Amino acid sequence: MTKTFVPAAKRGGTLKRNLGLWAIVGLGLGYMTPTVIFDTFGMVARDTNNVVPLAYLVALIVMIFTAVSYGKMSGAIPSAGSAYTYVRESIHPNVGFMVGWTSLIDYMLLPMVNCLIIRSYLEAVFPGVPGWIWVVLYCVLTTGIIYLTMRGTSNVNMILLVISIVVMAVFVVMVWVQLAGGEGVGTVGSVQPFLHDGVTMGAVLMGATIVCFSFIGFDAVTMYVEEAKSPKIMPRAILLTVILGGGIFLVAAYFTQLRFPDWNVFAPGGDMQFVEDSTLPLIGQFVGGPALQAILTAAGFCATLASGLASHASVSRMLLVMGRNNVLPRRFFGYVNPKTHTPTFNIVLTGVVCMFAIAFTLEMIAAFINFGALIAFTAVNVSVIAWFAVRKGRRRTPRDIFSYIVMPGIGMVLTGILWANLHADALVGGLVWLALGLVYLLFLTRGFTRKVAAFDENQPVTGYNKVPAE
């Protein structure tokens, strides 16, 4: 038996329908952080044998199928906005809980990714300063800001997004001129970034699993369904976010690969540290000297900091919802400071977890995040089949079979293939986390004899929302 979804306004929320199609697309692109393509370029080029654009193309195709499924589910369950909710409503609350538990990996580790990227930027600018100092300063700064206020606006996000895209456009023009002058492969038109000797499908799939991390955020637009001027624009907004984001990644990756046909340029003397951390500062320096390095790094810094603040606030909010609903101990996770009106315990806990950036590389954390993300993406594709083809019986016409079985089925298989190609350590660690979640679910439901509590991130338990009403 499915629930009747009640708009947030009737549940006590204060959301307004004031976001149009392009405002929502802009929010999605901001979550995706377009400059991340430069951060991961070195490691992806190494793992794919220098076909980064091909890895992005494969990932984009997979994400398009998944984006279509997200669009269908956002229309069917218009006041929800997460893979967890779609699975809970279309399949079973316990299965939904496991998807949500797995997605906690994404929530908890995304702030750490932003910290790792910021650390790499600052290490490039100040090579004499130990990296752990930047980690500590970043964690203290972001934790302090979120501790005082969790509010934010789409306007700031849009400004940072425009700045990032303008800087990336300048970068592409400079590379174009250099290619015409004989740098890199010496031509603007070439199939080398997609196909050359030594490229294997296994390596491309490995690279595609890494760059899937770049697309994380396109699904974040579903959380704005109740702020959209019309819920009908959500499927288009989700698909446009993926296509435009993927297009930006493809163009940037293509020109960067032409300019740097061999990844070894980022590993002077065989030092893999430059490849495993962000290569953005090196790319800027090689293409435009100290000036472009500073500009590109500044653009990446602003976009990453904005993403870091958003992800830190988001995970703190989700932990609060789980605490308020007794999914986690309410005394700690459900506490809101009466002075700052923020979930201070959750905010500080997230900051502490972020400190582990001292000991990890960007590549490893991205792999762990992709574990949870690819499970969520696979689950959304399954949800389309369960909701439309099974629950609603829409499997009798060729059109319904194609829309609600074939399309999501292809998306499910493709995301499953990428998941199976994750780093072995990420698979082991993720499966351990999944096993812990199953044990915890058994505890919460007293051996599946009770209904598991919900923890929708959209629930208005905090008194404020993702986008404040104006």
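Residues numbered from 1 in each chain as written. Predicted model: local features only at pLDDT ≥ 70, side-chain atom pairs only at ≥ 80, totals over all residues. Heavy atoms only, no water.

Quick look at the overall build of the chain now. Along its length, the chain carries 17 helices and zero strands. Within the chain, buried positions represent 56% of all 470 residues. By sequence separation, contacts in the chain at least 24 residues apart represent 84% of the contacts at least 6 residues apart. (Helix = DSSP H or I, 4+ residues; strand = E, 2+ residues; numbered from the N terminus. Buried < 20%, exposed > 50% of the residue type's maximum accessible area, 1.4 Å probe, protein only. Contact = heavy atoms within 4.5 Å.)

On to the confidence of the model for the chain, then. Considering every residue of the chain, the mean pLDDT works out to 83; 86% of them sit at 70 or more. Ranking the helices and strands of the chain by mean pLDDT puts helix 16 (residues 398-420) first, with 93, and helix 11 (residues 273-276) last, with 61. The low-confidence segment residues 460-470 (pLDDT under 50) makes 33 contacts with residues lying over four places distant or belonging to another chain. (pLDDT = per-residue confidence, 0-100.)

Two numbers describe a pair of packed helices, the interaxial angle and the distance between the axes. Remark: helix 5 (residues 83-90) packs on helix 15 (residues 362-391), axes separated minimally by 9 Å, with the N-to-C direction vectors making an angle of 30°. When the axis of helix 5 is compared with that of helix 15, the two are roughly parallel. You can see that helix 5 and helix 15 cross each other, and the crossing is left-handed. Residues A83, Y86, V87, E89 and S90 of helix 5 form the contact with helix 15, whose participating residues are A376, A379, V380, S383, A386, W387 and R391. Considered class by class, the residues forming the contact of helix 5 with helix 15 number eight nonpolar, two polar and two charged. (Axes fitted to C-alpha atoms, helices over the stretch in contact; angles between N-to-C directions. Parallel < 35°, antiparallel > 145°, perpendicular 65-115°, else oblique. Left-handed = near helix turned anticlockwise from the far one by under 90°. Nonpolar A, V, L, I, M, F, W, Y, C, P; charged D, E, K, R; others polar.)

Turning our attention to the environment of T241. Within the secondary structure, T241 is located in helix 10 (residues 234-259). Separated by 20 residues in the primary sequence, T241 and V221 place their C-alpha atoms 8.5 Å from one another. In this structure, T241 is in contact with V25, G28, L29, M32, F218 and V221, ignoring residues within four places of it in sequence.

This part takes up the side chain of T209. Mapping T209 onto the fold places it in helix 9 (residues 201-215). At a separation of 2.5 Å, a polar atom in the side chain of T209 contacts the main-chain carbonyl oxygen of M206. (Polar contact = N/O pair within 3.5 Å; in protein donor to acceptor, adjacent residues only side chain to side chain.)

Under the 1.5 Å per step criterion, the end-to-end length of helix 17 (residues 424-444) is 30 Å for 21 residues, consistent within 8% with the ideal 30 Å. A426, L427, G430, G437, Y440, L441 and L444 are the residues of helix 17 that are buried. Burial along helix 17 is one-sided: seen end-on, the buried residues are contained in an arc of 145°. Turned more than 90 degrees away from the buried face of helix 17, the exposed residues are V428, V439 and F443. On its buried side, helix 17 packs onto helix 6 (93-125), helix 15 and helix 16. Among the residues trailing helix 17, R446 stands out with phi positive, at a value near 55°. (Expected span 1.5 Å × (residues − 1). Arc of directions from axis to C-beta.)

On to helix 6. Structurally, the α-helix is built with 3.6 residues per turn, so residues lying three or four positions apart point the same way. Across its 33 residues, helix 6 extends 49 Å between first and last C-alpha, which sits within 8% of the 48 Å expected from 1.5 Å per residue. At L109, helix 6 shows its largest kink, close to 35°, and the proline P111 lies no more than four residues downstream. Of all the 33 residues making up helix 6, 26 are buried; the element is thus mostly covered by neighbouring parts of the structure. (Bend = angle between axes of the 7 residues up to and from the residue.)

Interhelical geometry of helix 6 versus helix 15 gives an angle of 150° and a closest axis separation of 8 Å. With respect to the hand of their crossing, helix 6 and helix 15 are arranged in left-handed fashion. Packed against helix 6, whose contacting residues are V99, T102, S103, I105, D106, L109, L110, M112, V113, L116 and I117, the element helix 15 presents L362, I365, F368, I369, F371, G372, A373, I375, A376 and A379 at the interface.

Our next topic: the packing of aromatic side chains. Summed over all chains, the structure comprises 22 aromatic pairs. Residue placement shows R259 over the ring face of F260; its charged tip is 5.0 Å from the ring centre. (Phe/Tyr/Trp six-rings, centres within 6.5 Å; stacked < 30°, edge-to-face > 60°. Lys NZ or Arg CZ within 6 Å of the ring centre and 35° of its normal.)

So, about the nonpolar core. Among the nonpolar cores identified, the biggest contains 125 residues, and I37, F38, Y56, F97, F215 and F218 are the most heavily contacted of them. Among the elements that line this core, the one with the most residues is helix 15, at 18 residues. Every residue in contact with F38, bar those within four places of it in the chain, is listed here: M168, F171, A252, T256, T279, L280, I283 and L296. (Core = buried A, V, L, I, M, F, W, Y, C linked by side-chain atoms within 4.5 Å.)

Moving on to a nonpolar patch on the surface. A cluster of nonpolar side chains, contributed by I401, F402, I405, V406 and I410, occupies part of the molecular surface with about 360 Å² of accessible area. What makes I401 partly exposed here is its relative accessible area of 33%. (Patch = residues over 30% accessible without salt bridge, like charges linked within 9 Å, V, L, I, M, F, W, Y side chains within 5 Å. Areas by Shrake-Rupley, 256 points an atom, 1.4 Å probe, with all protein chains shown as cover. Salt bridge = Lys/Arg side-chain N within 4 Å of Asp/Glu carboxyl O.)

All right, on to the environment of F388 then. Checked against the element boundaries, F388 lands in helix 15. Placed twelve residues apart in sequence, F388 and D400 show a C-alpha to C-alpha distance of 8.7 Å.

One pass over the structure, following the stated rule, counts six salt bridges. Note that R259 and E183 form a salt bridge whose closest N and O atoms lie 3.9 Å from each other. Placement of the pair is R259 in helix 10 and E183 in the loop between helix 8 (154-180) and helix 9, with a sequence separation of 76 residues. As a salt-bridge pair, R394 and D400 come within 3.7 Å of each other at their nearest N and O atoms. Members of the salt-bridge network, linked through shared partners, are R46, D47 and E363.

With that out of the way, let us pick up the side chain of S69. Secondary-structure assignment places S69 in helix 4 (residues 52-76). Residue classification places S69 among the buried positions, given a relative accessible area of 2%. In terms of polar contacts, S69 uses its side chain to reach the side chain of N381, at 2.6 Å. Setting aside anything within four residues of it in sequence, one finds S69 in contact with V380, N381, V384 and P408.

Taken as a whole and judged by the stated rule, the model has zero disulfides. Summary of cysteine pairing: C139 is not part of a disulfide, and the nearest cysteine sulfur, belonging to C354, is at 3.5 Å. (Disulfide = S-S within 2.5 Å.)

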